[in-house]
There are 2 protein chains.
Amino acid sequence: MTVAHSDFDIDTAVEAVGDNHFRAVLSDRWNARHGVVNGGYMLAVCLRAIARTLPFADPLTVSAHYLRPGSPGEAAAETEAVRLGRRIATGQARLCQGDVEIVRATASFADLDAEGETARFDEPPALPPPEECVPLEAPPPGATIAERVDYRYPTPPGWQSGHPRGQPHAAFWMRLADGRAPDPLSLALLTDAAAPAVLEIGARGSSTIELTAHLRARPEPGWLACRASTRHVINGYHEEDFEIWDSGGRLVAQARQLARLS
Amino acid sequence: MTVAHSDFDIDTAVEAVGDNHFRAVLSDRWNARHGVVNGGYMLAVCLRAIARTLPFADPLTVSAHYLRPGSPGEAAAETEAVRLGRRIATGQARLCQGDVEIVRATASFADLDAEGETARFDEPPALPPPEECVPLEAPPPGATIAERVDYRYPTPPGWQSGHPRGQPHAAFWMRLADGRAPDPLSLALLTDAAAPAVLEIGARGSSTIELTAHLRARPEPGWLACRASTRHVINGYHEEDFEIWDSGGRLVAQARQLARLS
């Protein structure tokens with residue numbers, strides 16, 4: 001399903017205002033909590049700007065370092081074409097608000113339709129169909145992103161009712177709420193759009209320091225099966241691994257972030 | 001064990017030649033194959049330069065985009081202090097040879113001894129003791145890195161004798177061959193110092209596009225237990241996950257790279 005004016009496309013649009021300079025407006029519709037913009041959304045804005053700087057349309061891998069929290073409002077992206085190769089092009093974006101850099105993202109773009117050897121050694125999460133799953137009933141306060149993204153859990157998350165399950169793993173469905181079909185750009189947002197797995201061990205929240213997402217294939221339309229897990233909380237820092245599988249049962253994105261418990 | 005003049009420390013040294021400008025010499029002692037410098041070694045050189053630019057000594061997370069192969073010889077690192085925070089500082093290095101950029105690395109540094117919440121949900125690989133394991137007998141041609149790093153496998157890798165096992169997973173021991181004790185900097189090198197797991201599915205080799213390493217704790221001296229695995233080869237691209245556990249059985253580094261089959 002194609003949506004003519006999707007929230008995602010409107011809110012991640014960037015406007016060229018000079019060579020490698022783009023203007024963006026960080027919307028308040030993708031907040032992770034009161035007044036704080038979601039990191040996956042800022043990543044997608046960075047990728048929009050980098051895409052305008054490179055000859056390929058598809059992000060293949062992106063690494064972002066989160067320097068300061070982003071606030072809804074005006075932003076600027078300065079981009080650089082780092083290396084233009086025959087098969088892969090690499091660019092960088094500095095996302096700034098009021099002359100202060102908030103995210104630095106480096107991304108390599110390619111053509112995801114170029115064919116090559118394929119071999120799979122893993123399976124998508126085993127989930128009941130979305131219509132047998134339950135939506136998120138109590139998103140974190142101020143998390144407007146939960147109005148833009150639909151979640152379907154096999155059973156209600158323990159953290160939602162104040163009873164974390166004790167294991168920092170989760171599997172669930174996600175899609176953009178307005179029906180916009182997924183693509184590699186929106187997958188980049190979705191790798192950081194769900195409640196962190198550490199909520200199930202009693203964490204109140206978590207701030208991303210670094211996130212790397214690999215966009216591995218063009219997704220088919222429909223619900224996305226997701227798997228989130230943390231295995232190591234060490235001195236207040238934890239990784240979160242995130243996988244997204246499309247409606248055809250193929251892995252389409254995998255991400256890992258290093259974050260700090262708040 | 002401390003080694004006064006370890007190969008690693010000598011070969012990753014950088015010399016300041018100006019503000020945020022460093023001179024390095026890429027040694028031919030860490031080649032991945034004939035004339036091509038190992039990516040983990042270049043990552044460590046970048047981290048040495050970034051460390052000189054930031055107020056913290058310990059790399060916590062680093063993302064590197066590999067733009068062109070590195071050759072033994074003169075190199076220059078240009079660094080930038082991106083953000084100096086109270087607890088975390090972020091910097092960037094551009095590693096160049098002859099005015100051509102070969103690696104761009106962005107790293108956040110911190111104090112790895114700062115204490116905080118710790119919870120572990122995974123176990124180190126189950127390996128026989130190193131003295132019951134076998135060394136690598138036939139490293140890839142020209143791979144001088146195999147003279148700098150000791151490997152001990154529970155059983156000889158299948159790819160070594162031309163009989164790949166069909167599963168892109170491996171667990172083995174590693175350490176620097178001259179006995180230098182591991183630290184977060186040398187762990188960064190070691191996350192990309194072993195034969196790629198895809199050799200066990202018949203791949204001839206693989207070139208890193210992006211590598212992110214999280215250095216999670218200061219390692220104890222001794223052998224390091226390592227786990228390498230690939231789960232998704234898609235259109236010629238594959239991820240490789242790499243974990244390093246210290247002699248005390250604690251996870252000390254985890255890395256993922258996106259690479260292309262060669």
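Placed above this text is the structure.
Small disclaimer: the values here were computed from a predicted structure and weren't measured.

Asks: How do you make sense of the overall build of chain A when you look at a structure like this?
Replies: The secondary structure content of chain A amounts to four helices and 16 strands. Counting only C-alpha atoms, chain A reaches 50 × 45 × 40 Å along its principal axes. Evaluated residue by residue, chain A yields a buried proportion of 60% over its 262 residues. Restricting to contacts in chain A with at least 6 residues of sequence separation, those with at least 24 account for 68%. Surface accessibility of chain A: about 9900 Å² in total, with carbon and sulfur atoms responsible for 50%. The centroid of the 25 positive side-chain charges in chain A is displaced by 4 Å from the centroid of its 34 negative side-chain charges.

Asks: Please explain helix α2 (residues 39-51) of chain A as it appears in this structure.
Replies: At 3.6 residues per turn, the α-helix brings residues three or four places apart onto the same side. Residues and elements named next belong to chain A. Relative to the 18 Å expected for 13 residues at 1.5 Å per residue, α2 spans 18 Å between its end C-alpha atoms, a close match to the ideal helical length. Of all the 13 residues making up α2, 12 are buried; the element is thus mostly covered by neighbouring parts of the structure. Three or more residues of α2 are buried, namely G39, G40, Y41, M42, L43, A44, V45, C46, L47, R48, A49 and I50. In this structure N38 caps α2, since a side-chain oxygen of it lies 2.8 Å from the backbone nitrogen of G40.

Asks: Got a minute to help me understand the environment of A197 of chain B in this structure?
Replies: Residues and elements named next belong to chain B. Mapped onto the fold, A197 is located in the loop between α4 (184-190) and β12 (206-215). For A197, a relative accessible area of 3% translates into the label buried. Excluding residues within four positions of it along the chain, A197 makes contact with P168, H169, A228, S229, T230 and E240.

Asks: Would you explain the environment of A259 of chain B in this entry?
Replies: Residue and element names in this part refer to chain B. Looking at the element boundaries, A259 is found in strand β16 (residues 251-261). Taking the relative accessible area as the measure of exposure, A259 reaches 0% and is therefore buried. Sequence separation of A259 and G39 is 220 residues, and the distance between their C-alpha atoms is 11 Å. Leaving out residues up to four positions away in the same chain, A259 has contacts with S206, S207, T208, I209, G236, Y237 and H238.

Asks: Is there a simple way to think about the pattern of salt bridges in this case?
Replies: Between side chains of opposite charge, a pair can form when the charged atoms approach closely. Following the criterion strictly, the structure yields 48 salt bridges over all chains and no others. Among the salt bridges present, the one from R216 of chain A reaches E239 of chain B, with a minimum N-O distance of 3.1 Å. You can see R216 of chain A sitting in the loop between β12 (206-215) and β13 (224-229) and its partner E239 of chain B sitting in strand β15 (residues 237-245), one on each of two chains. The residues R216 of chain A and E239 of chain B share a single accessibility class, namely buried. For the salt bridge of E74 of chain B with R23 of chain B, the shortest nitrogen-to-oxygen distance reads 2.6 Å. Of the two residues, E74 of chain B sits in strand β6 (residues 73-84) while R23 of chain B sits in strand β2 (residues 21-26), which places them 51 residues apart along the sequence. With relative accessibility at 47%, the residue E74 of chain B sits in the partly exposed group. Residue classification places R23 of chain B among the partly exposed positions, given a relative accessible area of 32%.

Asks: Would you mind showing me how to read the relation of the copies chain A and chain B here?
Replies: The second copy of the chain is related to the first by a rotation about an axis and a shift along the axis. After a rotation of 180 degrees and a shift along the axis of 0.0 Å, chain A superposes on chain B with an RMSD of 0.0 Å. Given the turn and translation reported, the copies of this chain are related as if by a two-fold rotation axis. Ranked by how close their C-alpha atoms come to the rotation axis, the residues of chain A are headed by S63 of chain A, at 3.2 Å. In this assembly, 100% of the residues forming the interface of chain A have copies in chain B that are likewise at the interface, indicating an isologous arrangement.

Asks: Would you explain the interface of chain A and chain B in this entry?
Replies: It is common to give the size of an interface as the accessible area that goes away when the parts come together. Contacts between chain A and chain B engage 60 residues on the former and 60 residues on the latter. Looking at the side of chain A facing chain B, the largest losses of area belong to F121, R216 and R256 of chain A, adding up to 14% of the total buried there. Inspection of the chain A/chain B interface yields 10 salt bridges. Along the contact surface separating chain A from chain B lie 38 residue pairs in polar contact (both at pLDDT 80 or more). For the side of chain A that touches chain B, the element with the highest residue contribution is strand β16 (residues 251-261) of chain A, accounting for eight residues. In the side of chain A that touches chain B, the residues fall into 21 nonpolar, 20 polar and 19 charged. Across two bridges, the pairing between strand β14 (residues 232-234) of chain A and strand β9 (residues 119-120) of chain B is antiparallel. The residue of β9 of chain B that forms the bridge with V233 of chain A is A119 of chain B.

Asks: Mind showing me how you'd approach the environment of I10 of chain B here?
Replies: All names here are of chain B. Positionally, I10 belongs in helix α1 (residues 7-11). Look at I10 and you get partly exposed, because its relative accessible area is 45%. On a C-alpha basis, the gap between I10 and V25 in space is 9.8 Å, while along the polypeptide they are 15 residues apart.

Asks: I would appreciate a short explanation of unusual backbone geometry in the present structure.
Replies: Among all residues except glycine, the phi angle is most often negative; among peptide bonds, the trans geometry is most common. Phi is positive for N235 of chain A, close to 50 degrees, though the residue is something other than glycine. With respect to the element layout, N235 of chain A can be found in the loop between β14 and β15 (237-245). The exposure class of N235 of chain A is buried, given its relative accessible area of 18%. One non-glycine residue with positive phi stands out, namely D99 of chain B, at about 70 degrees. Considering the arrangement of structural elements, one finds D99 of chain B in the loop between β7 (89-97) and β8 (100-110).

Asks: What am I meant to see in the pairing of strand β11 (residues 169-176) of chain A here?
Replies: Looking along a regular strand, one sees the side chains alternate between the two faces of the sheet. In the sheet, strand β10 (residues 149-152) of chain A pairs with β11 of chain A via four bridges, with the strands oriented antiparallel. Considered in β11 of chain A, the bridge of V149 of chain A is made with L176 of chain A.

Asks: Looking at this structure, how should I read the state of the cysteines?
Replies: By definition, a disulfide is the covalent link that joins the sulfur atoms of two cysteine residues. Residue and element names in this part refer to chain A. Scanning the model with the defined rule gives zero disulfides over all chains in all. Here C46 is not cross-linked by a disulfide; its sulfur's nearest cysteine counterpart is in C96, at 9.3 Å. Overall, the relative accessible area of 0% leaves C46 in the buried class.

Asks: Which parts of the structure should I look at to understand the pairing of strand β7 (residues 89-97) of chain A?
Replies: Residues and elements named next belong to chain A. A large share of β7 lies buried, amounting to eight of its nine residues. Examined bridge by bridge, strand β6 (residues 73-84) and β7 share eight bridges and lie antiparallel to one another. Looking across to β7, one finds that E80 is bridged to Q92. Connecting β6 to the next strand, β7, in antiparallel fashion are four residues. In this structure, β7 lies alongside strand β8 (residues 100-110), joined through nine bridges in antiparallel fashion. Residue pairing for β8: G91 is matched across the bridge by A107. In this structure, the hairpin formed by β7 and β8 is closed by a connection of two residues, where G98 is found at a positive phi of approximately 55 degrees.

About the thresholds
Position labels on residues start from 1 in each chain and follow its written sequence. By the order in which they are written, chains take letters starting at A while ligands take numbers starting at 1. A pLDDT threshold of at least 70 governs which residues receive local features in this predicted model, and a stricter bar of 80 or more applies before side-chain atom pairs are shown or counted, although totals over entire chains, interfaces and linings include all residues. Side-chain numbers come from the whole structure's heavy atoms, not from hydrogens or water. Secondary structure elements follow DSSP: runs of H or I no shorter than four residues count as helices, runs of E no shorter than two count as strands, and numbering proceeds from the N terminus. Burial classes follow relative accessibility: with a 1.4 Å probe on protein chains only, a residue under 20% of its type's maximum area counts as buried, one over 50% as exposed, and anything between as partly exposed. By definition, residues are in contact when any of their heavy atoms lie within 4.5 Å. Note on areas: Shrake-Rupley with a 1.4 Å probe; residue coverage comes only from the protein chains shown. Neither His nor the chain ends contribute to the count of charged residues, in which Lys and Arg are positive and Asp and Glu negative. The atom standing in for a charge is NZ when the residue is Lys, CZ when it is Arg, CG when it is Asp and CD when it is Glu. To estimate how far a helix should extend, the number of its residues minus one is multiplied by 1.5 Å. In the analysis that follows, any N or O atom pair within 3.5 Å is treated as a polar contact, provided that within protein one partner can donate a hydrogen and the other can accept it, and provided that, for residues neighboring in sequence, both atoms belong to side chains. Only one rule defines a salt bridge in this text: a Lys or Arg side-chain nitrogen within 4 Å of an Asp or Glu carboxyl oxygen. The least-squares superposition of copies is restricted to C-alpha atoms, and to residues with a pLDDT of at least 70 in both copies. Buried area, as used here, totals the accessible surface that two parts lose on assembly, with accessibility defined by a 1.4 Å probe and the loss added over both. In this classification, Asp, Glu, Lys and Arg are treated as charged, Ala, Val, Leu, Ile, Met, Phe, Trp, Tyr, Cys and Pro as nonpolar, and every other residue, Gly included, as polar. Here, any two strands with at least 2 DSSP bridges between them count as paired. Pairs of cysteine sulfur atoms within 2.5 Å are identified as disulfides in what follows.

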